[in-house]
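Understanding the architecture of this molecule
One letter stands for each residue in the lines below.
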Amino acid sequence: MNKILCSTGALLVYGGDYHLLEPLSAQLLYEGYEFMMDTPYYEELESLVCFLRSLNLYIPVVHCEKSIGEALSQTDMAVLHHAYAQFEQNCYLAKSIGAEKMVLHLWDGRTSDTAFHNNLHHYAALDQIAHNYDIDLCVENVVCTTDHPIKHFCALRQHYPKIHFVFDTKMAAFHQQLELLYEKEYEWLWKHEHIRHYHLNDYAGGYMDWEHLQSLAIGKGTIDFDVFFAFMRKIAYHGTYTVEATAVKPDGNVDISMLNEQYRRIQRHINQCEKY
């Protein structure tokens, strides 16, 4: 059964007041949420856990703090020790609020994938930590500066045959790799259930067009979501999707109408898929 989730990153500015989730969620149509972990939340982790539990929201996915991926590219042991400690806190949060999956930027930031061999090396230990918390760790196809995400997915699968992934439509389109998902050469991504979750974002730029690397609402870019959902129908995908398009307006208010229209639009696609 498909579930459409809303990222809390679409609702809150970086490190924003998570208490706003209570009034905002009451206005949204989504079945559940993907909680985005940010640095300021570590200092009040227990309060955050208690609050999220009190909302009784369905939060099956936690997005691990992005900066951990950049730290994993380093060789400084103090930096790595801190990254591992933070990762475990992310897992604790996920377990405490009933999440099943965690989205990981295995590489990120300014270093991006320039030292991918380091990031690849650390995956095994991270996966074991996540496993200890009964969390399914899923590596996202994060944009790269040196190579490209699918190449790294292939390397990760070679080293870790049971690895799981998150597939982001915007990030794939940024590298002109969205269509690879539909090709036989890469059918292993979905046929063997390596992809466990999808992020649905539109993209309006060209190949590695950094100036246009924004998470756009579906319909505001050039991605053909009719083709995408026809493929989801073909492979009989029954899982979770997350909407990440930023909804915080310049005045600080959240565009509830836009987010609800995204939900309705995706639901129409899913309903069409379920007819077949």
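Use the structure listed above.
Residues numbered from 1 in each chain as written. Predicted model: local features only at pLDDT ≥ 70, side-chain atom pairs only at ≥ 80, totals over all residues. Heavy atoms only, no water.

**Description of the sheet that holds strand β6 (residues 164-168)**
As a reminder of what qualifies: In short, DSSP must find at least two bridges between two strands for them to pair. What counts as a helix is a DSSP run of H or I of at least four residues, what counts as a strand is a run of E of at least two, and both are numbered from the N terminus. Only the contacting stretch of a helix is used when fitting its axis, a line to C-alpha atoms as for every element, and angles between N-to-C directions run 0 to 180 degrees. What makes two residues a contact is simply this: any of their non-hydrogen atoms within 4.5 Å.
Pairing is parallel around the closed barrel formed by eight strands, whose spatial order is β1-β2-β3-β4-β5-β6-β7-β8. In this sheet, neighbouring strand axes are inclined to one another by 30 degrees on average, regardless of whether the strands run parallel or antiparallel. With three bridges connecting them, strand β2 (residues 32-36) and strand β3 (residues 61-63) associate as parallel partners. Following the sheet pairing, Met 36 is matched in β3 by His 63. The strands that helix α6 (residues 149-159) touches are β5 (136-140) and β6; relative to β6, the one it contacts most, it runs at about 170 degrees.

**Quick look at the nonpolar core**
Spelled out, the test is: Residue types Ala, Val, Leu, Ile, Met, Phe, Trp, Tyr and Cys, when buried and joined through side-chain atoms within 4.5 Å, form a set referred to as a nonpolar core. Only protein chains enter the accessibility calculation, which uses a 1.4 Å probe; a residue whose area is less than 20% of its type maximum is buried, one above 50% is exposed, and one in between is partly exposed.
The biggest cluster of nonpolar side chains holds 95 residues, and the ones touching the most others in it are Phe 87, Leu 156, Tyr 198 and Leu 259. Of all hydrophobic cores here, the second largest spans five residues; its members include Leu 5, Val 103, Cys 138 and Val 166.

**Observations regarding helix α5 (residues 116-132)**
Note the following rule: One less than the residue count of a helix, multiplied by 1.5 Å, gives the span that helix is expected to have. At any given residue, the bend is defined as the angle formed between two axes, one fitted to the seven residues that end at that position and one fitted to the seven that begin there.
Counted at 1.5 Å a residue, the expected span for α5 with its 17 residues is 24 Å, and the 25 Å between its end C-alpha atoms agrees. The largest bend in α5 is about 35 degrees, located at Tyr 123. Every buried residue of α5 is listed here: Phe 116, Asn 118, Asn 119, Leu 120, His 122, Tyr 123, Leu 126, Ile 129 and Ala 130.

**Observations concerning the environment of Gly 16**
Its location among the elements puts Gly 16 in the loop between β1 (3-7) and α1 (21-25). Gly 16 sits in the buried class, given a relative accessible area of 10%. Between the alpha carbons of Gly 16 and Tyr 186 there is a distance of 38 Å; along the sequence they are 170 residues apart.

**A closer look at the environment of Phe 51**
With respect to the element layout, Phe 51 can be found in helix α2 (residues 45-55). On a C-alpha basis, the gap between Phe 51 and Thr 111 in space is 34 Å, while along the polypeptide they are 60 residues apart. Sequence-distant contacts of Phe 51, defined by excluding residues within four places in its chain, comprise Tyr 18, His 19 and Glu 22.

**Describing the layout of surface pockets**
Here is the rule: Think of a 1 Å grid over the protein atoms and nothing else: a 1.4 Å probe that fits but is trapped marks a cavity, an open set flanked by protein within 12 Å on at least five of seven lines marks a pocket, and residues with an atom within 4 Å of a point count as lining. Grid points are joined across faces, edges and corners, and a volume is the space filled by probe spheres set on the points. When residues are sorted by character, Ala, Val, Leu, Ile, Met, Phe, Trp, Tyr, Cys and Pro go into the nonpolar class, Asp, Glu, Lys and Arg into the charged class, and all the rest, Gly among them, into the polar class.
Quantified by volume, the largest pocket comes out at close to 640 Å³. Around the largest pocket sit 36 residues that line it, and Met 36, Lys 66, His 105, Lys 170 and Ser 215 are the ones nearest its centre. Broken down by class, the residue content of the lining of the largest pocket amounts to 13 nonpolar, 15 polar and eight charged. Space inside the second largest pocket adds up to approximately 250 Å³.

**Notes on the packing of aromatic side chains**
Stated formally: Put simply, two rings from Phe, Tyr or Trp (the six-membered ring, in Trp's case) pair if the centres are within 6.5 Å, and we call them stacked under 30 degrees between planes, edge-to-face over 60, tilted for the rest.
For the structure on display, the rule yields 20 aromatic pairs. Aromatic pair Tyr 123 and Tyr 160: ring centres 4.8 Å apart, planes at 50 degrees, arrangement tilted. Placement of Tyr 123 in helix α5 and of Tyr 160 in the loop between α6 and β6 is noted, with a sequence separation of 37 residues between them. Just as Tyr 123 is buried, Tyr 160 falls in that class too. Ring-pair connections join several aromatic residues into one group, and the members of that group are Phe 167, Tyr 198, Phe 225, Phe 228, Phe 229, Tyr 237 and Tyr 241.

**Here we look at the pattern of salt bridges**
Short version of the rule: The term salt bridge refers to a pairing of a side-chain nitrogen on Lys or Arg with a carboxyl oxygen on Asp or Glu at a separation within 4 Å.
The tally for this structure, following the rule as stated, stands at seven salt bridges. Residue Asp 134 is joined to Lys 95 by a salt bridge in which the shortest nitrogen-to-oxygen separation is 3.0 Å. Taken together, the residues Asp 134 in the loop between α5 and β5 and Lys 95 in helix α4 (residues 77-96) connect sequence positions 39 residues apart. Exposure remark for Lys 95: the relative accessible area of 42% places this residue in the partly exposed category. Among the salt bridges present, the one from Asp 136 reaches Arg 196, with a minimum N-O distance of 3.6 Å. On the criterion of sequence distance, the pair formed by Asp 136 in strand β5 and Arg 196 in strand β7 (residues 195-200) is long-range, its members being 60 residues apart.

**What to know about the pairing of β7**
Convention followed: Crossovers are described as right-handed under a simple rule: with the strands pointing away from the observer, the path leading from the first strand over the helix to the second runs clockwise.
Of all six residues making up β7, five are buried, and the element is well covered by its neighbours. With four bridges joining them, β6 and β7 adopt parallel strand pairing. The partner of Asp 168 across the bridge, within β7, is His 199. Here β7 pairs with strand β8 (residues 240-243) via four bridges, running parallel. Bridge assignment links Tyr 198 to a residue of β8, and that residue is Tyr 241. Regarding topology, helix α9 (residues 225-234) serves as the crossover connection from β7 to the parallel β8, and that connection is right-handed.

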